[in-house]
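A look at the structure
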Amino acid sequence: MYLTKNRLRALTPLLVSLAFFILSYSALNAQQQNVTGKIIAAADQSPLAGVTVTVVNSSTGTITKNDGTFTIRAAVGSELSFTLTGYTSKTINVTGTNLGNISLELSVNALDSVVVVGYGTQKKVNLTGAVTTVDMTDKQGQPITNVSNALHGAPGLFVNLGNSQPGVDRATIRIRGIGTLNDNDPLVLVDGIEYSMDELNPADIASISVLKDASAAIYGSRAANGVILVTTKTGKGASKVNYNFYTGIQKPTVMPDAIWDPIEYMKLKNQALENIGKVHDYSDEEISEYEQGMKTDPFTYPASDWFDIALDNGMIQKHDVSVSGSSDKYQYRVSLGYLDRKGVIIGPNDQEKKYSLGVNASMNVSKRLKIGLTLDGYYRHYNEPYYNSFWQYLSRTLPILTDTLADGRYGNSWLRTPGRNNWENPRMIAETGFAKKVVSRFLATTSAEYKLPFNITYRAKFGADKYDGLLENFTPQVQTFNPKTEAPTNWNSPSTAPRSRAIDYNDLNIHFYNTLDWDKTFAGVHNLNVMVGGSYDDFDSRSFSSGSYGYLDGTLTAISAGSLPYEGYISGSSTKDVLTSYFGRLNYDFEGKYLLEATFRYDGSSRFASGKRWGFFPAVSAGWRIDKESFFHLENVFDLLKLRASYGQLGNQAVALYSYQNSINLGQDYSFGGALSSGAAATAYSDPNTSWETTTTYNAGLDANLLRNRINFSIDVYKKNTTDILRAVNIPDQIGLSGPSKNVGAMQNTGVELTLGYHNSIGEFNYGFNGNISYNKNKLVDLKGEILYNYNTNLATITQAGYPINSYFIYDAIGIFQSQEEVDKSPFQTATTTAGDLKYRDINGDNKITSDDRVIISTSTQIPKYTFGFGVDLGYKGFSLNAFFQGVSGLKIYPTANLAFPFNNGANATWEWVTDSWTPERTNARLPQVTPSDVDKDNYVASDFWLQDGSYLRMKNIQLSYALPSQWLRAIKISKVSIYVNAENILTFSKYKGYDPETTLNVSTIYHYPMLKTVSGGINITF
């Protein structure tokens, strides 16, 4: 083909355009270049993967790699935008080809920007209910053995860990007080299915939401005590492997200051007996012999510190490994965990091992269908001494008790000590026999999500919770030996020991729910979401136990090795409980400014009789985004200002199973013709009209974020009224039956919750503070005129209208008698009252002290008025220092029995009775004269003298960590390494000095496993 002049002329415009395009492209290409950089977290300088990097006003973009690096084509002078969920977005100018490290700040609301609520999620800014969230990322590396222990210090929650025993160290949780005389435990759901949070590996938990007000009403009949929603981790971003390990040592936070000097002990015991006119336990000759013998024979004349002998440092180690990732088509996360603990009791019977498995996977089968599978569970086992009253025996032991003889046999004492004819040797109890619990529990769920026309989504989830537990114990026949004569003493009866017992637990719980969700926006400003659904929950529980004795020795411990059945150990049970429910929720907002939510639940429970099984539980809440109003002119100060309020009714089906039916019990013998014949009979009256307890909750709150989210503030005021409380009522004794459970009683809780946080940075130094405080007032409103008393040892509590539940009901101590003349002039107490004894107030003025002179102390024995927590977070380059404190206030503790009172039941005493008790020469003493507490009724009747302030402030955790610089790791293809050290429960500030104040709350003795403090260190690696 030849170009003629005319053809060339015709092509000229096209050629000119092509030339212009080529020149323009060349010029543009000359301006653009490969720009590189690395995105890191400002807090700990760790690389951030998955950050979206885009050239502003263009379609050019990329995402950062696992090591945080990126490469993008951009011209000098253009702008790059960096965004990642959970971090504050940033825009910078391109000034060269290498931008170096670019840090992103963690958004103050990032981890809570989407909050899990009942059957779904909501943006936090749109929440109208009172919801507390806990991000488990903040707990990473802390030695948390059970998930419930991670909730200490959360606003609106009272979390109480009664003991730290390996295998059973689970916290009691109360949300906004105590609302019933029955079970006050909250409902716990894991990924929407009812399950124990403490059967999960804490490393598998992403977040925890606590629904505290009407937001819980969508769970209806089980929501009165609040609802805890646990969300497990999912895979995100590029495939990665994470390994976390820590190990540490543990020891009791505090133990009683017992007298381990045998001479001081014997002298003080003699003095106590002398003060009540009784003969000494130990003669002067015995004390002198003992004092001389201690110099040469520590076996016969020991000075045994039993806290030192029977307790040792505990050990803890934990390993967690996970593999996770995601794409447009799928997400997955698979994890394995291992926990190994050796408790503080010597010997083999204080250990725990846990093996955990977590699977969370989902796949987009098509544009409309998504399916998922989760598996969470444990196989665990733990040991404890065969006599579970080990701590009672330890608190009762004496310094004159021989640990072991020279040949290793377990010792007792050659000294005659009334009440101690059969000596409990703690080492013997710790080292022989066993009690072992083996548990396997798994929750398997399958889910499906299908997008229907008209923007309707159908979701369904099926879960099966399988629990298998086996408790075995073997009680050997054991002896102790007199260290002077070597005479043996049978500690337990050879006729019943050795003996063995096994209890098998077998539970299967089935859960199914499905929902329909519809989202629609009208006219661009009216946003509507409607959800309706139904659920079915089936709880099936079975158990069987058997036992035998007649063993030749302790070599074989299986039940079949015994020669005789142990009839009292053979039993079995089977229960079934079903709940069917229908529920729904409507959410509406206008331009994100005016927010409205309404929910309902309609529950049918097999716990009640026909005609009483169905209950309806509605709720409504509203919110107002004041900061979005046109009249609001502080938008440069406030990023969020939201007012909210809620009202709802919640239920509690706390009545025992089958209580609406008369139960027939075996073992009710009848007399026929003068001979007893076995039979059965009803022993309790039932009421078929019992139904739900109902809690009506009111809440008003204000949320505010200020100064570019540097400050966050929230306050809630609430009231909870519980009516139709289920409780057993008394009926005349002549009927011959115990009273039924009826809907009688009303209770009220009112309170305030306040949270405040601040975070900022100065250059590469980041700092933040956060804190919260909650106040709760509990009051029994009505009990139909009845008063309930509870007697425990010598302590009485009372439940009466107008006072907190289980208030102390005790005498008012007004001092210590200083002379016999003062005793004679005062109201009569007992015939043995002398100078040095406590003096009580005569309330009714009858000139004598009787039970009618007891007063009510308006303080609950079960829950404090104030709970609080606060934390400090500091970061500089790769270093981070985080400290968290929690505490309680506004409660009293009344410790009783061994070591709380001197020489109780033949036990020891503490040193304060040597230095601080009243004597004629020490009349200004803090304590009354020392006397044996189980004999003397003057000083140890329950009085406010022995009440102690149970308030405490505890450094729950302090952690120092360091993230290794990425340039050190790049060569070995590791994206992140952090090393850290922790101290848990290391500091406690409290006026209560005798024992740990947290573990003595809700109990009347110190016979239990102590709270432990832990020092640990570990490493976290991501490949």
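No experiment lies behind these values; they were computed from the predicted model shown. (Residues numbered from 1 in each chain as written. Predicted model: local features only at pLDDT ≥ 70, side-chain atom pairs only at ≥ 80, totals over all residues. Heavy atoms only, no water.)

**Overview of the sheet that holds strand E14 (residues 193–194)**
In spatial order, the strands read E10-E15-E16-E13-E14; together these five strands make up an open sheet with mixed pairing. Every other strand in the sheet has two partners, leaving strand E10 (131–135) and E14 as the edge strands with one partner each. Taken together, the six bridges between strand E15 (residues 205–211) and strand E16 (residues 227–232) define a ladder with antiparallel strand orientation. Paired with Leu 211 across the strands is Val 227, a residue of E16. (Pairing = 2+ DSSP bridges. Helix = DSSP H or I, 4+ residues; strand = E, 2+ residues; numbered from the N terminus.)

**Focus: the side chain of Glu 629**
Along the chain, the position of Glu 629 falls in the loop between strand E31 (614–625) and strand E32 (638–652). In this structure Glu 629 comes out as buried when scored by relative accessible area, which is 9%. Separated by 2.8 Å, the side chains of Glu 629 and Trp 624 make a polar contact. Leave out the neighbours within four places in its chain, and Glu 629 touches Lys 593, Tyr 594 and Trp 624. (Buried < 20%, exposed > 50% of the residue type's maximum accessible area, 1.4 Å probe, protein only. Polar contact = N/O pair within 3.5 Å; in protein donor to acceptor, adjacent residues only side chain to side chain. Contact = heavy atoms within 4.5 Å.)

**Some words on helix H3 (residues 284–293)**
For an α-helix the count is 3.6 residues per turn, leaving residues at separations of three or four pointing the same way. Within H3, burial applies to Ile 287, Tyr 290 and Gly 293. Relative to the axis of H3, the buried residues are bounded by an arc of 130° and lie together on one face. Set apart from the buried face of H3 by more than 90 degrees, the exposed residues are Asp 284 and Glu 285. (Arc of directions from axis to C-beta.)

**Comments concerning the packing of helix H2 (residues 262–275) against H3**
Close contact between H2 and H3 brings their axes to 10 Å; oriented N to C, the two are set at 170°. On the basis of the axis angle, H2 is roughly antiparallel to H3. Each of Pro 262, Ile 263, Met 266, Lys 267 and Asn 270 in H2 lies in contact with H3, whose residues at this interface are Ile 287, Tyr 290 and Glu 291. (Axes fitted to C-alpha atoms, helices over the stretch in contact; angles between N-to-C directions. Parallel < 35°, antiparallel > 145°, perpendicular 65-115°, else oblique.)

**Things to note about H2**
The end-to-end C-alpha distance of H2, which contains 14 residues, comes to 20 Å, matching closely the 20 Å that a straight helix rising 1.5 Å per residue would cover. Those residues of H2 that sit buried are Pro 262, Ile 263, Tyr 265, Met 266, Leu 268, Lys 269, Asn 270, Ala 272 and Leu 273. Among the structural elements, H3 and helix H8 (912–915) are those in contact with the buried residues of H2. The N-capping residue of H2, defined by a side-chain oxygen 3.0 Å from the backbone nitrogen of Ile 263, is Asp 261. Once H2 ends, the next one or two residues include Gly 277, with phi positive near 75°. (Expected span 1.5 Å × (residues − 1).)

**Quick word on the sheet that holds strand E48 (residues 855–860)**
The strands that make up a sheet are held in pairs by hydrogen bonds between backbone atoms, and each pair lies either parallel or antiparallel. Reading across from one edge, E43-E44-E45-E48 is the order of the four strands in this open sheet, with antiparallel pairing throughout. The strands lining the two open edges of the sheet, one partner per strand, are strand E43 (788–792) and E48. If you compare each strand with its neighbour and ignore which way they point, the axes differ by 30° on average. Alignment of E43 against strand E44 (residues 795–799), held across five bridges, turns out to be antiparallel.

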